[in-house]
Amino acid sequence: MEDIIKTIRRNKMMTGVLLLCFGVALILWPTSALATLAKVAGLFLMVYAVGGIVNFGVSIKDPSAVVTLVIDIIGAVLGLYLFLNPTWFIAVANKLFGIIILIHGAHSLYEALTVVRKLDTGWKSIAIFSGVIVLLGVFVIANPFAISDMIIRVIGIILILNAVFSFYHLSQ
């Protein structure tokens, strides 16, 4: 049980640090941070897909490898498009980040409820913070206006709050 708790704590700490760093980057350089993220994601997708295409040449005898080849070609094209046209990513980023924030908040809420069942201590504040994160995720998803520097900064603030709540959760 202690190993599981240590693993959860380590994962929450790493997630919190990443959310904090990315949140600060979104506040300071909103458009540049998203464009850089899009280019890096596109590059990783291309590298992964090209690796799959090269692997197809090695396993050409396997008939099911053709399906994988098609998926890898689509992934390489998508990665190239994302790398060359990061504005496409920026256009959908608010929905994507809203979904990520919503999922992370829901997961924290689940963890708080798990703590209730196991320890019956320190769960109320975690549940409240998690509920706030879930509501903020819904706000970002439901935001009716187009993505702008302001909403990107709001997402950055939400990510920082999420990191702070994760660090607070670790201290409980």
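Below you will find a few notes about this structure.

## A word on the overall build of the protein
Within the protein one finds six helices and zero strands. A separation of at least 24 residues holds for 75% of the contacts in the protein among residues at least 6 apart in sequence. Summed over its atoms, the accessible surface of the protein is roughly 10,400 Å², and 77% of this surface lies on carbon and sulfur atoms.

## Quick word on the environment of Ala25
Positionally, Ala25 belongs in helix α1 (residues 2–28). On the basis of relative accessibility, which here comes to 17%, the residue Ala25 falls in the buried class.

## A few points about the nonpolar core
In terms of nonpolar packing, the biggest core is built from 22 residues, with Leu26, Leu34, Phe89, Ile101, Ile155 and Leu159 touching the most fellow members. Only α1, α2 (30–58), α4 (86–118), α5 (123–142) and α6 (149–171) provide two or more residues apiece to this core. Sort the elements by how many residues they give to this core and α6 lands first, with seven residues. Ignoring any residue separated from it by four or fewer positions in sequence, one finds Leu159 in contact with Leu19, Phe22, Gly23, Leu26 and Ile101.

## Re the side chain of His104
Among the structural elements, His104 can be located in helix α4. In this view, His104 contacts Lys12, Thr15, Leu19, Asn162 and Ser166; residues no more than four positions away in its chain are not counted.

## Brief notes about a nonpolar patch on the surface
A cluster of nonpolar side chains, contributed by Val24, Leu28 and Trp29, occupies part of the molecular surface with about 310 Å² of accessible area. Overall, the relative accessible area of 35% leaves Val24 in the partly exposed class.

## Looking at the environment of Ala49
For Ala49, the position within the fold is in helix α2. Separated by 24 residues in sequence, Ala49 and Ile73 have C-alpha atoms that sit 6.6 Å apart. Excluding residues within four positions of it along the chain, Ala49 makes contact with Asp72, Gly75 and Ala76.

## Section: the side chain of Asn162
Relative to the assigned elements, Asn162 resides in helix α6. Among the residues examined, Asn162 registers a relative accessible area of 3% and is labelled buried. Ignoring sequence-local partners within four residues, the contact set of Asn162 consists of Leu19, His104 and Ile133.

## Side note on the environment of Ala93
Structurally, Ala93 can be placed in helix α4. Classification of Ala93 as buried rests on a relative accessible area of 0%. Once the C-alpha coordinates of Ala93 and Ile152 are considered, the two residues, 59 residues apart in sequence, prove to be 8.5 Å apart.

Definitions and limits used
- Residues numbered from 1 in each chain as written.
- Predicted model: local features only at pLDDT ≥ 70, side-chain atom pairs only at ≥ 80, totals over all residues.
- Heavy atoms only, no water.
- Helix = DSSP H or I, 4+ residues; strand = E, 2+ residues; numbered from the N terminus.
- Contact = heavy atoms within 4.5 Å.
- Areas by Shrake-Rupley, 256 points an atom, 1.4 Å probe, with all protein chains shown as cover.
- Buried < 20%, exposed > 50% of the residue type's maximum accessible area, 1.4 Å probe, protein only.
- Core = buried A, V, L, I, M, F, W, Y, C linked by side-chain atoms within 4.5 Å.
- Patch = residues over 30% accessible without salt bridge, like charges linked within 9 Å, V, L, I, M, F, W, Y side chains within 5 Å.
- Salt bridge = Lys/Arg side-chain N within 4 Å of Asp/Glu carboxyl O.

Shape descriptors only; they carry no functional weight alone.
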